[in-house]
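Overview (structure and organization)
Spelled out from the first residue to the last, the chains are:
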Amino acid sequence: MLIGRKRSILLFELFFPLSFLLMLYGNSKFILAFAFFATGVARGASSNYCNTKINEIATGQAWALNCLHASFAVGAFTYPLILMLITKNNDSSWVYACALLVVLGVITLVMYYLIPESAKKAASKEKTTTKDSQSDVFGFFKVPLFYICIGTLFFYLCAEQGVIGWMITYFKDTGLLPPNLAQTTASILWVMILCGRLLTAFVSTKVKKENLLPLMGVGIVVFFLVLISARSTALIVLGIMGFGFSMAGIYATTVSFAGDLIKKYSLAWSFILTTASLGSIIMPAIVGIIAEKLGIATGIASIAIVLVIDMIFIITLVIYVKRHPSSTAVSR
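Thresholds applied
Residues numbered from 1 in each chain as written. Predicted model: local features only at pLDDT ≥ 70, side-chain atom pairs only at ≥ 80, totals over all residues. Heavy atoms only, no water. Helix = DSSP H or I, 4+ residues; strand = E, 2+ residues; numbered from the N terminus. Buried < 20%, exposed > 50% of the residue type's maximum accessible area, 1.4 Å probe, protein only. Contact = heavy atoms within 4.5 Å. Areas by Shrake-Rupley, 256 points an atom, 1.4 Å probe, with all protein chains shown as cover. Lys, Arg positive; Asp, Glu negative; His and termini not counted. Charge placed at Lys NZ, Arg CZ, Asp CG, Glu CD. Core = buried A, V, L, I, M, F, W, Y, C linked by side-chain atoms within 4.5 Å. Phe/Tyr/Trp six-rings, centres within 6.5 Å; stacked < 30°, edge-to-face > 60°. Lys NZ or Arg CZ within 6 Å of the ring centre and 35° of its normal. Axes fitted to C-alpha atoms, helices over the stretch in contact; angles between N-to-C directions. Parallel < 35°, antiparallel > 145°, perpendicular 65-115°, else oblique. Left-handed = near helix turned anticlockwise from the far one by under 90°. Nonpolar A, V, L, I, M, F, W, Y, C, P; charged D, E, K, R; others polar. Arc of directions from axis to C-beta. Salt bridge = Lys/Arg side-chain N within 4 Å of Asp/Glu carboxyl O.

1. As for the overall build of the chain
The secondary structure content of the chain amounts to 16 helices and zero strands. The C-alpha extent of the chain, read off along each of the three principal axes, is 65 × 50 × 35 Å. Burial status across the chain gives 44% buried among its 332 residues. Put simply, of all contacts in the chain between residues at least 6 apart along the chain, 77% involve residues at least 24 apart. Roughly 17,100 Å² of accessible area belongs to the chain as shown, and the carbon and sulfur atoms make up 70% of that amount. The averaged location of the 13 negative side-chain charges in the chain is 6 Å from the averaged location of its 25 positive side-chain charges.

If you want it as structure tokens, here you go:
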């Protein structure tokens, strides 16, 4: 709001190549700590900007946001493989992977610079905005949809990061999967997330998102129960694939329900993103604490509680939207 969205994203994305340069040449633990902090700032700014930008282009359209999140999944899946190819069995080769990230950071910065901001359209919209909406910058706090979306995303991210963060450890420590196969479960999960997001993007053009979201909510609960209760390799892999496929479209589809809210209030998405993201920080820690005291199996099983709560929020969100259709069109 102070310096403009374009200047903001360019400023914070500059932290991306800078952070990896500091990792390469920094010789202090404080510099290294700042470098990791800077990658987080760049990542957060990117998520904020991209979701907001796509929402402006296709407001409230689940297919567009799922395509965006599919592109995130492509990066999350491919770079670990690139990292393996670069480093192989030589630990010191990490510097080449880090140097490649510096190059990718510069390319990303240039791409953000090239994205048009539609300044004339924005200026025209600002002139026609009512005096009341101009002064009510935090008006989204009065909209129940804002809190329901935060709850849905918060508990979804709790489950997502809880599983992603501890799944490999769970399979290794319990001996349910051989070490090499346990290591590949993360890649299997991301492949299914990518497929799920692309399929959700396609299906959401044919089926109402109010009908899709509950199906995804039921899917993550059912397949997670399969995942933690299975004892054969085939059923475990089925649980992983089903869980990744089911959870793939939940985040983007939930955001699409708040599309008009985000479009009207420039700070709404920042508050949703920041508050919901606390789930991805808190839950892995909770799983770790439980695992330390009661074992990794109990720690992973605790995620089932979070999934049930998220399912309740999903149902609440769908019911609210159906009863208050105007709430998803606050800016129209």
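2. Some details on the nonpolar core
Across soluble globular proteins, nonpolar side chains show a tendency to be buried alongside one another. The biggest cluster of nonpolar side chains holds 71 residues, and the ones touching the most others in it are Phe 171, Phe 224 and Ile 303. Considering each element in turn, this core owes the most residues, 16 residues, to helix H8 (residues 144-174). Not counting residues within four places of it along the chain, the set of residues in contact with Phe 224 comprises Val 163, Phe 243, Ile 300, Ala 301, Ile 303, Ala 304 and Leu 307. With twelve residues, the next largest nonpolar core counts Phe 15, Met 23, Tyr 79 and Ala 97 among its residues.

3. Observations concerning the packing of aromatic side chains
For the coordinates displayed, the defined rule picks out 20 aromatic pairs. Centroid distance Phe 12 to Phe 15: 6.0 Å. Interplanar angle 80°. Geometry classified as edge-to-face. In this structure Phe 12 comes out as partly exposed when scored by relative accessible area, which is 31%. Aromatic pair Phe 154 and Phe 155: ring centres 5.0 Å apart, planes at 85°, arrangement edge-to-face. When its relative accessible area of 19% is taken as the criterion, Phe 155 is described as buried. Joined through ring pairs, the aromatic side chains of Phe 138, Phe 140, Phe 141, Phe 146, Tyr 147, Tyr 265 and Phe 271 make up one cluster. Taking NZ or CZ as reference, Lys 209 lies 5.0 Å from the ring centre of Phe 257, over its face.

4. Let's talk about the packing of helix H3 (residues 29-57) against helix H14 (residues 268-294)
At their nearest, the axes of H3 and H14 sit 10 Å apart, and the two run at 135° to each other. Taken as axis vectors, H3 and H14 run oblique relative to one another. Crossing of H3 against H14: the hand is right-handed. Along the contact surface, H3 presents Gly 44, Ser 47, Asn 48, Asn 51 and Thr 52, while H14 presents Trp 269, Ser 270 and Leu 273. For the contact of H3 with H14, the residue count by class is two nonpolar, six polar and no charged.

5. Quick word on helix H1 (residues 5-13)
Turning to H1, its buried residues are Ser 8, Ile 9 and Glu 13. When H1 is viewed along its axis, its buried side chains cluster within an angular range of 115° and face the same direction. Buried residues in H1 make contact with helix H2 (15-25), H3 and helix H5 (94-114).

6. Observations regarding the pattern of salt bridges
When the charged atoms of two side chains lie near each other, side chains of opposite charge can form a pair. For the coordinates displayed, the defined rule picks out one salt bridge. Linking Glu 56 and Arg 5 is a salt bridge whose minimum nitrogen-to-oxygen distance equals 2.9 Å. Of the two residues, Glu 56 is situated in helix H3 and Arg 5 in helix H1; the sequence distance between them amounts to 51 residues. Glu 56 sits in the partly exposed class, given a relative accessible area of 33%.

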